[in-house]
Amino acid sequence: MSDSNIKFSEAEALHFHSKGRPGKIEIVASKPMATQRDLSLAYSPGVAVPVRAIAENPACAYDYTAKGNLVAVISNGTAILGLGNLGALASKPVMEGKAVLFKRFADVDSIDLELATEDVDAFVNAVALLEPSFGGINLEDIAAPSCFIIEQALRERMNIPVFHDDQHGTAIITAAGIINACRLTGRDLKNVKVVVNGAGAAAIACTELIKAMGVAHDNVIMCDRTGVIYQGRTDSMDQWKSAHAAATDARTLKEALVGADIFLGLSAAGALKPDMVMDMAAQPIIFAMANPDPEILPTEAKAARPDAIVATGRSDYPNQVNNVLGFPFIFRGALDVRATTINDEMKIAAANAIAELARQQVPEEVAAAYGGKAHSFGPDYIIPAPFDPRLMEMVPAAVAQAAMDSNVAQKPIEDMAAYRHSLRARMNPTTSVLTLAYEAARANPRRVIFAEGEEEVVLRAAVAFKEGGYGIPVLVGRDDVHDRLRAMGVADAESYEVHNSRNSPLVPRMIDHLYARLQRRGYLAREVERNVKQDRNVFAAALLALGAGDALISGVTRPYAQTYSQLRRVIDAAEGSTPFGMHILVGQSHTVFMADTTVTERPTAAQLADIAVQAAAVARRMGHEPRVAFLSYSNFGNPEGKWLDNVRDAVTLLDARQTDFEYEGEMSPDVALNPAMAEKYPFMRLSGPANILVMPGLQSANLSAKLLRELGGDSVIGPILVGMDQPVQIASMSATASELVTLAVLSAGGIAR
């Protein structure tokens, strides 16, 4: 289900898809391609060796090609989201997006394929011929009833998993919620009375799955636009509806709902009325999943029946039915055992695993995404958060086990504990934590001061911050800021709060506050007044100091050091802290924190030790167990040099502090990061590659961070300013609007502090 309550402009959506390389995916070589020898191995003549091996044994394709981790996302565009039949080409942005979700959530490589045909046989033939290329097929946005025919035909013809997510993804997440709702209300699936409103692909898949799980056929009534689908009805019927025709006298949805335990809505907004909810059984279970607006709002359902348990497809209400909880992880498990299909046993295993996860204690970072309101299993938490990092471990393992138990696994897993460990290691917890930080920001929006409100990139960030629901932007700029917003197409430009020193009533208080701070640091009163009235960074920091905002973002118009110096006139370092800058390098399966990259030119041993302690705290908030390396050109005394004492002494200081994280030094980057090099030093105390690199000085740190930003393959977050008394962030002068929003969210949410 989509997250329809996130707001953004059409221009922003188009800019996102067009900036840089158009689209959302690219092909990246997984082997070195630098030398002629590399190319000879990758293509002719070296490629002939795996070719012969695969010809002799087709199963070798999984060993020597990407087939085993490659899924095709395929559509003909006949049912694109809620937009209808817009054609194959128009579906491409959606299919690219689905491919991105596969990679982001489960490290499954995916390619989108759009087929320009509505002929079922042509579609089936085209997809079936692709079997040698892919490990699985994800069908998407295909209209009913063609989707039923296509999926069944492909499952019969192909020996790899074929999965229509619009049907089964929704069904699996819904089933997980029903399992838990019945558990909370003391119901047995065998006895529940269910009314399904809707008879499309998702509705029929939900009905078939809950029946496979034990719901009695005679206890399910399905309705469509014509009314109840009853035995003997001939109007607007087909073979898929007929399979679920009920022996009932009810002819309308209202009549069918009398005494019903469960309502499954996959139809249209407003289809379920409060008076219908009143007729349901005690503690009714309501899944109102129409997109983008549900059959009934949870507030309306609860007003009619306070004892109801309600789920929707929206993230702004509890219990979101979101397909991303399922399809990436289901394919992950199916691919890892080389399953020939995704059968009912695997779907039920996925539903049970998702349901079980919701019953487990909720981690702190996941609870934060719910604004602290959903700390445990209950009526408002029957479905786990879509970004719970534990999904990657639990769901694929359950699916793989079910595939083995039902004899559709061609490569059974021998050590399930080791497999679960490999799943945890496959994904980077930072990606989940960052997403959860955005969710937390929306649950607890803060006021963030954007100090350079006259810059277009800052205005675009402020608009995205507000329209995304992450908080309230407070802009510092001249009187024409509202005009600039209108020129950008912002309809509610006047609603944006703008401050400047020429008309702010806070200026006298700012001057008094700042003069009290600086009068014994060589500043005259007129200098302080000039600073407040003429320097927007000082003015913005004074706004923060006086409580007009919760966090501050600046940096795109001036060098970092200059901005930092201006802000420090107003904002102190946190008590007992050493302020420092940190860049965060985020890859698919790893994160590396690098500090200090912005503040102190040559830190002392005590400062290096403080930086290590504070960086470790940030790493933990990002979901990582810290392993700190104090970097140098020297490895444990070889070679000798005159700039090593501060690094060595920092290690000695941490030894005396009895810290609760691993650290080691002095050491070079290759020893810190490369296990093969680390083996040369068996006495080293790190249990694995370092994930926090404490740099010996600002020159090497800043150069390294900027080189990695420009040349490295990882995403780079930052610099993040840590150790200040209030949430202040200084972006790089080249920061994009998206990067500014990320800094604002991390700062306001307390991860960067």
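Structural notes, computed from the coordinates. Worth saying up front: this structure is predicted, and the values here are computed from it rather than measured. (Residues numbered from 1 in each chain as written. Predicted model: local features only at pLDDT ≥ 70, side-chain atom pairs only at ≥ 80, totals over all residues. Heavy atoms only, no water.)

What follows deals with the overall build of the chain. In terms of helices and strands, the chain carries 31 helices and 21 strands. The globule rule puts the C-alpha radius of gyration for 753 residues at 27 Å, and the 29 Å found for the chain is close to it. Seen along its three principal axes, the alpha-carbon backbone of the chain occupies a region of about 95 × 70 × 45 Å. Among the 753 residues that make up the chain, the fraction classed as buried is 54%. A fraction of 70% describes how many contacts in the chain between residues 6 or more apart in sequence connect residues 24 or more apart. (Helix = DSSP H or I, 4+ residues; strand = E, 2+ residues; numbered from the N terminus. Rg over C-alpha atoms; globule rule 2.2 N^0.38 Å. Buried < 20%, exposed > 50% of the residue type's maximum accessible area, 1.4 Å probe, protein only. Contact = heavy atoms within 4.5 Å.)

Between helix α24 (residues 536-545) and helix α25 (residues 560-568), the least distance of the axes is 8 Å, while the angle of their chain directions is 45°. Considering their axes alone, α24 and α25 lie oblique with respect to each other. In terms of crossing hand, the pair formed by α24 and α25 is right-handed. Residue-level contacts link N537, V538 and A541 of α24 to T563, Q566 and L567 of α25. Split by residue class, the contact of α24 with α25 holds three nonpolar, three polar and no charged. (Axes fitted to C-alpha atoms, helices over the stretch in contact; angles between N-to-C directions. Parallel < 35°, antiparallel > 145°, perpendicular 65-115°, else oblique. Left-handed = near helix turned anticlockwise from the far one by under 90°. Nonpolar A, V, L, I, M, F, W, Y, C, P; charged D, E, K, R; others polar.)

A separate point is the nonpolar core. By size, the foremost hydrophobic cluster in this structure holds 109 residues, and its most contacted members are I137 and F287. The element best represented in this core is helix α17 (residues 391-405), accounting for ten residues. Of all hydrophobic cores here, the second largest spans 66 residues; its members include V457, A615, V647 and V694. (Core = buried A, V, L, I, M, F, W, Y, C linked by side-chain atoms within 4.5 Å.)

Another aspect to go through is the packing of aromatic side chains. With the rule as written, the count across this model stands at twelve aromatic pairs. Note on F163 and F331: the rings are 5.8 Å apart at their centroids and 85° apart in plane angle, and the pair reads as edge-to-face. Here F163 is found in strand β4 (residues 162-164), whereas its partner F331 is found in helix α14 (residues 327-336), with 168 residues between them in sequence. On the basis of relative accessibility, which here comes to 0%, the residue F163 falls in the buried class. Taken together, the ring pairs in this structure connect F102, F163, F327 and F331 into an aromatic cluster. Cation over ring: K98 sits above F327, and NZ or CZ is 4.1 Å from the ring centre. Of note, K466 hangs over the ring of Y496, and the distance from its end group to the ring centre comes to 4.2 Å. (Phe/Tyr/Trp six-rings, centres within 6.5 Å; stacked < 30°, edge-to-face > 60°. Lys NZ or Arg CZ within 6 Å of the ring centre and 35° of its normal.)

Moving on: the state of the cysteines. A full pass over the atoms with the stated rule returns zero disulfides. The thiol of C223 is not disulfide-bonded; the next cysteine sulfur, from C206, is found 15 Å away. (Disulfide = S-S within 2.5 Å.)

Two side chains carrying opposite charge are able to pair once their charged atoms lie near each other. Enumeration according to the criterion identifies 42 salt bridges in this entry. The shortest N-O distance in the salt bridge between R620 and D660 comes to 3.3 Å. Of this pair, R620 sits in helix α26 (residues 605-621) while D660 sits in the loop between α27 (645-657) and β18 (662-667), and the two are 40 residues apart along the sequence. The exposure class of R620 is partly exposed, given its relative accessible area of 33%. Here D660 falls in the exposed class, since its relative accessible area comes to 56%. (Salt bridge = Lys/Arg side-chain N within 4 Å of Asp/Glu carboxyl O.)

Here we come to the sheet that holds strand β2 (residues 109-114). One open sheet holds the four strands; their spatial order is β2-β1-β3-β4, and the pairing between them is parallel. Both outer strands of the open sheet, β2 and β4, are each paired with one neighbouring strand and no more. Strand-to-strand twist across the sheet, computed as the mean angle between neighbouring axes with direction ignored, equals 25°. Sheet topology places strand β1 (residues 70-75) next to strand β3 (residues 136-139); four bridges connect them, and they run parallel. Along β3, the bridge assignment pairs A72 with I137. Relative to the sheet, helix α5 (residues 92-106) contacts β1, β2 and β3, its axis offset from that of β2 by approximately 165°. Across the sheet, helix α8 (residues 165-185) touches β3 and β4, and the angle it forms with β4 is around 75°. (Pairing = 2+ DSSP bridges.)

Looking at the secondary structure, you find E114 in strand β2. Taking the C-alpha atoms as reference, E114 lies 54 Å from V538; in sequence the two are 424 residues apart. Filtering out sequence-adjacent residues up to four positions away, E114 remains in contact with S75, A88, S91, K92 and M95.

Spanning twelve residues, helix α7 (residues 146-157) covers 16 Å between terminal C-alpha atoms, matching the ideal 16 Å at 1.5 Å per step. Taken together, the buried positions of α7 are occupied by C147, F148, I150, E151, A153 and L154. (Expected span 1.5 Å × (residues − 1).)

Attention now goes to helix α15 (residues 344-359). A rise of 1.5 Å per residue sets the reference length of α15, with its 16 residues, at 22 Å; its end C-alpha atoms lie 23 Å apart and thus fit the reference within 8%. Inspection of α15 places M346, K347, I348, A349, A350, A351, A353, I354, A355, L357 and A358 among the buried residues, and these make up the whole buried set. Considering only its buried residues, α15 is in contact with α7, α8, α9 (201-212), α14 and α17. The N-terminus of α15 is capped by N343, whose side-chain oxygen sits 3.2 Å from the backbone nitrogen of E345. (Polar contact = N/O pair within 3.5 Å; in protein donor to acceptor, adjacent residues only side chain to side chain.)

Attention shifts here to unusual backbone geometry. Here the bond from S44 into P45 is cis, since omega is 5°, no more than 30 degrees from zero. Tracing the chain through its elements places P45 in the loop between α2 (36-42) and α3 (48-56). Here N319, not a glycine, exhibits a phi torsion of approximately 60°, which is positive. Within the secondary structure layout, N319 lies in the loop between β10 (309-312) and α14.

Our focus in this paragraph is a nonpolar patch on the surface. The grouping of L81, L83 and L86 at the surface amounts to a nonpolar patch, some 320 Å² of accessible area in total. Here L86 shows up in the loop between β1 and α5. By relative accessible area, which is 48% here, L86 ends up partly exposed. (Patch = residues over 30% accessible without salt bridge, like charges linked within 9 Å, V, L, I, M, F, W, Y side chains within 5 Å. Areas by Shrake-Rupley, 256 points an atom, 1.4 Å probe, with all protein chains shown as cover.)

A word on the sheet that holds strand β11 (residues 446-450). Two strands in a sheet stick together by hydrogen bonds in their backbones, pointing the same way (parallel) or opposite ways (antiparallel). The strand order across the open sheet formed by five strands is β13-β12-β11-β14-β21, and the pairing between neighbours is parallel. The open sheet has two edge strands with one neighbour each: β13 (497-499) and β21 (728-730). The average undirected angle you get between the axes of adjacent strands in this sheet is 25°. Alignment of β11 against strand β12 (residues 471-476), held across five bridges, turns out to be parallel. Among the inter-strand pairings, R447 is bridged to a residue of β12, identified as I472.

With that settled, the discussion passes to the layout of surface pockets. Reported here for the second largest pocket is a volume of approximately 780 Å³. Looking at the second largest pocket, it is lined by 35 residues, and the ones nearest its centre are R424, A425, M427, N428 and P429. Looking at the lining of the second largest pocket, the elements that each hand over two or more residues are α5, α17, α18 (416-426), α19 (429-443) and β16 (591-595). In the lining of the second largest pocket, the residues fall into 17 nonpolar, ten polar and eight charged. (1 Å grid on protein atoms, 1.4 Å probe; cavity = no way out; pocket = protein on both sides within 12 Å on 5 of 7 lines; lining within 4 Å. Points joined across faces, edges and corners; volume = space filled by probe spheres on them.)

Below, the discussion takes up the side chain of S91. Topologically, S91 is positioned in the loop between β1 and α5. Those residues in contact with S91 that sit more than four places away from it in its chain are S75, G77, I80 and E114.

Glancing now at the pairing of β2. Pairing of β1 with β2, which is carried by six bridges, proceeds in the parallel orientation. Bridge pairing in β2 links V71 to S110. This β-α-β element, β1 to α5 to β2, shows right-handed connectivity. (Right-handed = clockwise from strand over helix to strand, strands pointing away.)

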